[in-house]
Amino acid sequence: MERTLLIIKPDAIQRRYVGRIVTRFEEKGFQIVALKLTQIPEKVIRRHYSAHEGKPFFEPLVRYMSAQPVVLMVVRAKGAIAVARKMMGATFGANAEPGTLRGDFAISNRFNLIHGSDSPEAAEKEIALFFKPEEIHEVADAQEGIVYDLSAGERI
Ligand code: IDP
Ligand code: MG
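Attention here is on the structure that accompanies the text. None of the values given here were measured: they were computed from a predicted structure.

Criteria and cut-off values
- Residues numbered from 1 in each chain as written.
- Chains lettered and ligands numbered in written order.
- Predicted model: local features only at pLDDT ≥ 70, side-chain atom pairs only at ≥ 80, totals over all residues.
- Heavy atoms only, no water.
- Helix = DSSP H or I, 4+ residues; strand = E, 2+ residues; numbered from the N terminus.
- Buried < 20%, exposed > 50% of the residue type's maximum accessible area, 1.4 Å probe, protein only.
- Core = buried A, V, L, I, M, F, W, Y, C linked by side-chain atoms within 4.5 Å.
- Contact = heavy atoms within 4.5 Å.
- Phe/Tyr/Trp six-rings, centres within 6.5 Å; stacked < 30°, edge-to-face > 60°.
- Lys NZ or Arg CZ within 6 Å of the ring centre and 35° of its normal.

Most peptide bonds adopt trans geometry, and most residues besides glycine take a negative phi value. Even without being a glycine, Arg16 presents a positive backbone phi close to 65 degrees. Secondary-structure assignment places Arg16 in the loop between helix H1 (10-14) and helix H2 (18-28). Among the residues examined, Arg16 registers a relative accessible area of 66% and is labelled exposed. Phi is positive for Leu113, which is not a glycine, with a value near 70 degrees. Relative to the elements of secondary structure, Leu113 occurs in the loop between helix H6 (101-105) and strand E4 (114-116). Under the relative-accessibility criterion, Leu113 is labelled buried at 0%.

What follows is the structure, given as structure tokens:
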């Protein structure tokens, strides 16, 4: 099953949105397989966002993401990466569609509540950057047969 890495960013924690963000993914049918509250060291966040190095927003982004704790999560679902990105909404809060997390709860270009991996390669790289294998708990999903139609031998 596809996995993605989500980060509930410091602004979301300050605004007491951890519970409702986690709930949105659970309600949608995602299974949580890893979760922790932690402050990410500056050099790790630089690596995580290395694709943005040199851009004008890079240094403030590094400061924002490393100054306070975040919630790191690995979640899985069919098509997890694209579905999570859709649920997050566009990067800038003001542009994000209502009904998405950013569309409903963010107005800022930077303080936009959540990170989600943008490709399978990024997801696996980011999961390995933030979690040790023993911190990931891929237990059988008791609800899988009701979240998906499994009668044809695949997840429909
Ligand atoms: P994403 O989070 O939607 O994938 P990216 O383009 O990967 O967006 O940018 C990473 C993060 O950097 C954004 O979520 C946002 O917090 C911040 N950011 C991106 N562009 C800007 C900008 O133009 N001004 C301020 N912050 C930005
Ligand atoms: Mg991105």
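Turning to the nonpolar core, a few remarks are in order. Within the largest apolar cluster, 22 residues are counted, with the highest numbers of intra-cluster contacts made by Ile21, Phe25, Phe30, Leu113 and Ile114. Every element with two or more residues in this core is listed here: strand E1 (3-8), H2, strand E3 (70-76), helix H5 (80-88) and H6. Here the element with the most residues in this core is H5; it accounts for 4 residues. Leave out the neighbours within four places in its chain, and Ile114 touches Leu6, Ile7, Lys9, Ile21, Phe25, Met88, Leu101 and Arg102. Within the second largest apolar cluster, 20 residues are counted, among which are Leu5, Val44, Val70 and Leu72.

A word on the packing of aromatic side chains. Using the criterion set out here, one finds 3 aromatic pairs in the structure. Ring centres 4.9 Å apart and planes at 50 degrees place the aromatic pair Tyr17 and Phe105 in the tilted group. With Tyr17 in the loop between H1 and H2 and Phe105 in helix H6, the pair connects residues that are 88 residues apart, well separated along the chain. Considered together, Tyr17 and Phe105 belong to a single accessibility category, that of buried residues. Plain terms: the ring middles of Phe25 and Phe30 are 5.3 Å apart, the flat faces sit at 85 degrees to each other, and that makes the pair edge-to-face. Neither residue differs from the other here; Phe25 and Phe30 are each classed as buried. One residue, Arg20, lies across the ring of Phe105, its end atom 5.3 Å from the ring centre. Here the guanidinium or amino end of Lys36 rests over the ring plane of Phe131, the centre of that ring lying 4.5 Å away.

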